[in-house]
Amino acid sequence: MMNRVCIINVVGLTARLLADAPAIRSLAGNPPSDNLAGGGKQFMPWTSPLPAVTCTSQATMLTGLAPRDHGVVGNGWYYRETQEIRFWQQARSLVEGSAFYDDFETAKMFWWFNQSSTARYSCTPKPHYGCDGSKVFDVLDHTGCDLTGRHGAFPFFTFWGPGAGLPCSRWIAEATATVLREKQPQITLAYLPHLDYDFQRFPDHDPARVAEVDQCVQTILTAADEIGAQVVIVSEYGLVPVDRPVHINRVLRQAGWLSVRNGPFGEVLMPGESKAFAVADHQLAHVYVNDPGLVASVRKELESVPGIGGVFDPGDLELDHPRSGELIALAQPDAWFTYYYWNDDALAPDFARTVDIHRKPGYDPCELFMTSKVRVAARLLQKKLGMRYKMDVIPLDPTLVRGSHGLHPDPIDGPIIIGPSGEHPLPSDMRGFAGYIRSLLGAR
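Residues numbered from 1 in each chain as written. Predicted model: local features only at pLDDT ≥ 70, side-chain atom pairs only at ≥ 80, totals over all residues. Heavy atoms only, no water.

Within an unreviewed UniProt entry, the label attached to the protein chain reads Type I phosphodiesterase / nucleotide pyrophosphatase, and the organism entered is Stieleria neptunia.

Peer 1: What am I meant to see in the domain arrangement of the protein chain here?
Peer 2: How large an interface is tends to be reported as the accessible area lost when its parts come together. For the protein chain, the assigned domains read domain 1 (5-64 + 100-240 + 408-441) and domain 2 (244-401). Placing a centre on the C-alpha atoms of domain 1 and another on those of domain 2 gives a separation of 28 Å. Contact residues are listed per partner, giving 13 residues for domain 1 and 21 residues for domain 2. Summed over the three residues of domain 1 that lose the most area to domain 2, namely Trp160, Pro162 and Gln200, the buried surface amounts to 42% of that side. Joining domain 1 to domain 2, the criterion identifies one salt bridge. (Domains from an automatic or database assignment. Contact = heavy atoms within 4.5 Å. Buried area = accessible area lost by both parts, 1.4 Å probe. Salt bridge = Lys/Arg side-chain N within 4 Å of Asp/Glu carboxyl O.)

Peer 1: Can you help me understand unusual backbone geometry in this one?
Peer 2: Only a minority of non-glycine residues have a phi that is not negative, and only a minority of peptide bonds are not trans. Cis geometry marks the peptide bond from Leu50 to Pro51, where omega comes out at 0°. Checked against the element boundaries, Pro51 lands in the loop between β2 (43-45) and α2 (54-63). One non-glycine residue, Gln83, lies in the positive phi region at around 60°. Following the sequence through the fold, Gln83 ends up in the loop between β3 (76-79) and β4 (84-87). Here Phe113, not a glycine, exhibits a phi torsion of approximately 55°, which is positive. (Helix = DSSP H or I, 4+ residues; strand = E, 2+ residues; numbered from the N terminus.)

Peer 1: What is the right way to read the sheet that holds strand β17 (residues 284-289) from this model?
Peer 2: Backbone-to-backbone hydrogen bonds pair the strands of a sheet. The strands run either parallel or antiparallel. Sheet architecture is open: four strands sit in the order β16-β17-β19-β18, paired in antiparallel fashion. Looking at which strands have only one partner, the edges of the open sheet turn out to be β16 (276-281) and β18 (308-312). Each strand of the sheet is rotated relative to its neighbour by a mean of 20°, with strand direction disregarded. (Pairing = 2+ DSSP bridges. Axes fitted to C-alpha atoms, helices over the stretch in contact; angles between N-to-C directions.)

Peer 1: Sorry, what's going on with the pairing of strand β1 (residues 5-10) here?
Peer 2: Looking down a regular strand, the side chains alternate between one sheet face and the other. Burial analysis of β1 places six of its six residues in the buried class, the great majority of the element. What you see with β1 is no split at all: Val5, Ile7 and Asn9 on one side and Cys6, Ile8 and Val10 on the other are buried throughout. Looking at chain direction, β1 and strand β11 (residues 230-234) are connected through five bridges and run parallel. Paired with Cys6 across the bridge in β11 is Val231. With six bridges joining them, β1 and strand β10 (residues 187-192) adopt parallel strand pairing. Following the sheet pairing, Val5 is matched in β10 by Ile187. (Buried < 20%, exposed > 50% of the residue type's maximum accessible area, 1.4 Å probe, protein only.)

Next up, the structure:
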């Protein structure tokens, strides 16, 4: 009999939240206690790399390597060769090292680095872009299951942006169940982002959101059980309350190290012409210092900034890779880094007020909010009438953001792993995940 494993990535799941997730808890044993031990040791907290963000955590899980070795040093980084900052790239070739699924028939459903991977079956978000700047939302479906024909168009506007919410996770769960039943792969990887949204919007974690993603998990569990697949549930990080945005690039600009170009569409960061600038990624920032003689001065300046918990050499955090900055800044637990580099909102680039994850030189959680529904309706009417428009509905108010991640919080608020134990001990570090899954598959 072929061993099969279904891995469900429930973003933001922590031990503290298990009490509100009966389907997930049925796999985890007893509800979490003070020592965080589940029944039969079937779940435990585990350690993510730094930064504790999606791309870095997933690359570590899939390869068993630290960021210094697989090269995914964040959700985005500075490309020195082209002097560009790019976030949310999907190419598998960006991950250095082999993945544990390379040797097995795999279905990869919305996990990152999905394009041109070795997965036999895959589905990932991939819009179409017109020469006039228009965009048509779609998925890249290589499952052979006609997922959009059977489940309807993927609800892209609920995957990210002000409308982000349950429909996308429900669609992914139902699509994953279809692939499980029809293809019966050895490994299935499913990504459910639901908890990521409101847990950044609000400081309190609503149990209703946990119950909703638990129902999505149940959809996958039912299909996995039908084909005899063992189920493993993981999370990449836990979200913590924050109330202090830190404008790290404005600090560097005030010191005279960051350069911008003003123009008809607002100020644009010029990283190649800057002596120092930061790529903000939740609670960690890569600080690129183009003038080696300034490293000590930049460190000293940043260490004095309220909300910054420390400034480190990349090697101190296993981030010593050519893609990393010369320095790494970590926020204090109640703080996070904005990418903002302008000093006057009137000079902000036009893309700052839109959902534009690829053009912004840093992560922007304000994309989860909108300025007003009236403004959104007006822009949609312009679109319907065939007029030129821009969806400039994103606020420039970082105090709206109330949750973040990227550090190592208290274990009860950090990521967890749930899965079969016994002869296959659960790993306490994400670097042990690749070996753990191979052992469940009976591979050496």
